[in-house]
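# Secondary and tertiary structure notes
Residue-level listing of the chains:
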Amino acid sequence: HSTCSKLLLLFSVSSGGLVAYAESQAESERHGFELSQLVSKRKRVLVLGTGWAGTSFLKYLDNSLYDVQVVSPRNYFAFTPLLPSVTCGTVEARSIVEPIRNMIKKKNGEIKFWEAECLKIDATSKRVFCRSNLDENLVGNNDFFLDYDYLIIAVGAQVNTFNTPGVVEYCYFLKEVEDAQKIRRSVIDCFEKAVLPGLSEEERRTNLHFVIVGGGPTGVEFAAELHDFVHSDLVKLYPSVKDLVNITVIQSGDHILNTFDERISSFAERKFKRDGIEVLTGSRVESVSDNFLTMKMKSTGEVFSIPHGMVVWSTGVGARPVVKDFMEQIGQGSRRVLATDEWLRVKGFQDVYALGDCATVDQRKVMEDILTIFKSADEDNSGTLSIEEFHDVIEDVLVRYPQVELYLKSKHMPDVTHLLKDAEGNARLEVDYEEFKLALSLVDAQTKSLPATAQVAAQQGEYLSRCFNLRKQCENNPEGPRRFRASGRHQFLPFRYQHLGQFATLGGDQAAAELPGDWVSVGHSTQWLWYSVYASKQVSWRTRFLVVSDWTRRYIFGRDSSRI
Ligand code: FAD
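Rules behind the numbers
- Residues numbered from 1 in each chain as written.
- Predicted model: local features only at pLDDT ≥ 70, side-chain atom pairs only at ≥ 80, totals over all residues.
- Heavy atoms only, no water.
- Helix = DSSP H or I, 4+ residues; strand = E, 2+ residues; numbered from the N terminus.
- Buried < 20%, exposed > 50% of the residue type's maximum accessible area, 1.4 Å probe, protein only.
- Contact = heavy atoms within 4.5 Å.
- Areas by Shrake-Rupley, 256 points an atom, 1.4 Å probe, with all protein chains shown as cover.
- Pairing = 2+ DSSP bridges.
- Axes fitted to C-alpha atoms, helices over the stretch in contact; angles between N-to-C directions.
- Near = heavy atom within 4 Å.
- Polar contact = N/O pair within 3.5 Å; in protein donor to acceptor, adjacent residues only side chain to side chain.
- Nonpolar A, V, L, I, M, F, W, Y, C, P; charged D, E, K, R; others polar.
- Disulfide = S-S within 2.5 Å.
- Parallel < 35°, antiparallel > 145°, perpendicular 65-115°, else oblique.
- Left-handed = near helix turned anticlockwise from the far one by under 90°.
- Expected span 1.5 Å × (residues − 1).
- Core = buried A, V, L, I, M, F, W, Y, C linked by side-chain atoms within 4.5 Å.

## Observations concerning the overall build of the protein
Within the protein one finds 18 helices and 28 strands. Within the span of the protein, comprising 564 residues, buried residues form 47% of the whole. Long-range contacts, defined as pairs at least 24 residues apart, comprise 64% of the intrachain contacts of the protein with a sequence gap of at least 6. Carbon and sulfur atoms provide 55% of the accessible area of the protein, an area that totals close to 29,000 Å².

Written out as structure tokens, the structure is:
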């Protein structure tokens, strides 16, 4: 009996165990299934680019919500505001870059990175075609494609040569880390060539004529760095040619740094004059050859050539080929960069976003949009609105265009409404649309497109990732003005840029800063502010340490003039 009961017990235990095992097996299979379903249910977000916009998006994104993939031909992020310092060795190239895989590691490694260039975007089939730029001799195919649910285009821009003959062949650019390294080597080459025996003084002078085309912040900062490099370090090493060096900045506008406050631009011009940097304003470069540059004075039409040893071209940016191709496909071929709405969606697409230098928020239709809001409230087309309807409309307008608020309150705003009474004696407002249209055209003119800066790109990346993080919540609880709830158009507030100011270094340990509130500061103390801001803005403690130690090294030992 006891054996029997023991057997029974064993059986029940083992069968229980078996059942439990089978159940747990089923459970884990179910969980596995659910997990794989969950994984496959996560929408695929594909980010193109690892610059300011792309990395800022990745930094703030809750990547547990999405299946995130990143494609970029660079496996690092570059801190571009310090690129001019790399051209002369004030800061080393490796000090301003952060490996993208380090950044991914901080996000629990859940983001997939592919080092490749996106060659084509097919938004209809939601697919991008890529090619890896890795060594062709390595085994395996370099071409592949990726499918997405959401595409984030953050590929930046490329140098704009305005099709000027000879620029691609004979000029240096300052856009990428490699460009800065090439410039550094070339500056040293010019000096080494100038001191070779057997050269005439004229030849030495030509080799040491450095021309910078473009008087924007990049051109000006490079000119200032070069001046410091030459006068603090190179003249001691190449004393025989120290009086033959010339630096010229050519600017098509009337002033250098013309996007800055005029107090800064005139300070920079005066400083350059004292330093012996020649500034040629109102001149346009017509062509560049190996030793000459031809330019035209805009005022007189006079054309003349100047000899040069080296030309750095820094006159603004244009769309990259993949963006140009995409713009052609979607009917934006005539534009300079991709147009998006204020939610950073490429016009006409719900799932393609573009941010940073490759896009601009198209705000030219402010007026049209505001009129549409008004007219949609005026359902019976009577030209009048009830007071409540009018308030609703204003609320909608302000959500979309907060900048209009100041204007609506300003003295420039004519009275576009007249108080009426309807048949029942209720107050109504008659809206004079023509008057209103005229009044708002001022707002349109004031709504300039955003500058192509790291500040804009980073803020857009952060804004978009926060929208992505809230997407589910917003789908369940649509927010925003009543009028747009049905269409879901206003899931999120539109992107608003907050300008935090801008800096330009002017050499000799002096800088200029334009800060919010019309606050302008120039000189040595501003340079210290610049040091602290740029040290604090570094993306990691590693690069912060490297950059600060490079600055210290430069103070103690000067810049390194070896050509490696
Ligand atoms: P980028 O930072 O250029 O990044 C683009 C990314 O896309 C890169 O990772 C690139 O490799 C990748 N990419 C390119 N092509 C493809 C492709 N086909 N497929 C996939 N990926 C691709 N701004 C400021 O606010 N303050 C400053 O002081 C300042 N100084 C500057 C100094 C210099 C010398 C330069 C060049 C720029 C400076 N800027 C400054 C401007 C700032 O760098 C840009 O506005 C900013 O980099 C734009 O960010 P982005 O993400 O759009 O593009």
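This is not the end of the story, as more comes after the structure.
## As for unusual backbone geometry
Although it is not a glycine, F162 adopts a positive phi angle of roughly 50°. Mapped onto the secondary structure, F162 falls in the loop between β10 (158–159) and α5 (167–170). Overall, the relative accessible area of 52% leaves F162 in the exposed class. Positioned with a positive phi, D509 is a non-glycine residue whose angle comes to about 55°.

## A closer look at the sheet that holds strand β11 (residues 171–173)
Read from one edge to the other, the open sheet built from five strands follows the order β11-β18-β12-β13-β14, with strand pairing classed as parallel. The open sheet terminates on both sides in strands that have one partner only, identified here as β11 and β14 (277–280). The average undirected angle you get between the axes of adjacent strands in this sheet is 25°. Where strand β12 (residues 209–213) meets strand β13 (residues 246–250), five bridges bridge the pair, whose relative direction is parallel. If you follow V213 over to β13, its bridge partner there is I250.

## As for the site of the ligand
Lining the immediate surroundings of the ligand are 31 residues, of which A53, T80, C118, D357 and A454 lie closest. A distance of 2.8 Å separates an oxygen atom of the ligand from a polar backbone atom of A53. At 3.3 Å from an oxygen atom of the ligand is found a side-chain nitrogen or oxygen belonging to S72. Listing elements by their share of the shell around the ligand, those giving two or more residues are α2 (52–60), β2 (66–72), α3 (83–86), β6 (117–122) and α15 (454–476). Take the shell around the ligand: its biggest share by element is three residues, from α15. Broken down by class, the residue content of the shell around the ligand amounts to 16 nonpolar, 10 polar and five charged.

## Remarks on the sheet that holds strand β8 (residues 143–147)
The three strands lie next to each other as β6-β7-β8, forming an open sheet whose pairing is antiparallel. What marks the edges here is a single partner per strand, and that holds for β6 and β8. Averaged over all pairs of adjacent strands, the angle between their axes in this sheet comes to 25°, without regard to strand direction. Pairing geometry for strand β7 (residues 127–131) and β8, over five bridges, is antiparallel. Bridging across to β8, C130 finds its partner in F144.

## Points about the state of the cysteines
Applying the stated rule across the entire model yields zero disulfides. We note that C171 lacks a disulfide partner, and the nearest cysteine sulfur, in C190, lies 13 Å from it. Residue C171 is classed as buried on the basis of its relative accessible area of 7%. C358 takes part in no disulfide bond, and the closest cysteine sulfur, belonging to C118, lies 11 Å away.

## Quick look at the packing of helix α6 (residues 177–194) against helix α8 (residues 217–237)
Packing of α6 against α8 brings their axes to within 13 Å, and their N-to-C directions diverge by 45°. Viewed along their axes, α6 and α8 adopt a mutual orientation that is oblique. Seen along the crossing, α6 lies across α8 with a hand that is right-handed. Residue-level inspection shows I183, V187, I188 and F191 of α6 in contact with α8, the latter providing F222, L226, F229, V230 and L234. Of the residues contributing to the contact of α6 with α8, the split by class is nine nonpolar, no polar and no charged.

## A closer look at helix α17 (residues 524–536)
With 13 residues, α17 should cover 18 Å at 1.5 Å per step; its first-to-last C-alpha distance of 19 Å lies within 8% of that length. Those residues of α17 that fall on the buried side of the exposure criterion are T526, Q527, W530, Y531, Y534 and A535. Along its buried surface, α17 packs onto α3, β26 (502–507), β27 (510–515), β28 (519–523) and α18 (541–557).

## Digging into the nonpolar core
In globular proteins that are soluble, nonpolar side chains generally tend to be buried together. Formed by 92 residues in total, the largest nonpolar core has its most connected members in F191 and F468. Broken down by element, the residue count for this core peaks at nine residues, all from α8. In terms of nonpolar packing, the next biggest core, distinct from the first, is built from 26 residues, V71, C118, V128 and V346 among them.

## Concerning the side chain of S132
Counting through the fold element by element, S132 comes out in the loop between β7 and β8. At 3.1 Å, the side chain of S132 forms a polar contact with the backbone nitrogen of L134. Dropping the residues within four chain positions of it, S132 is found in contact with E115, A116, N142 and F144.

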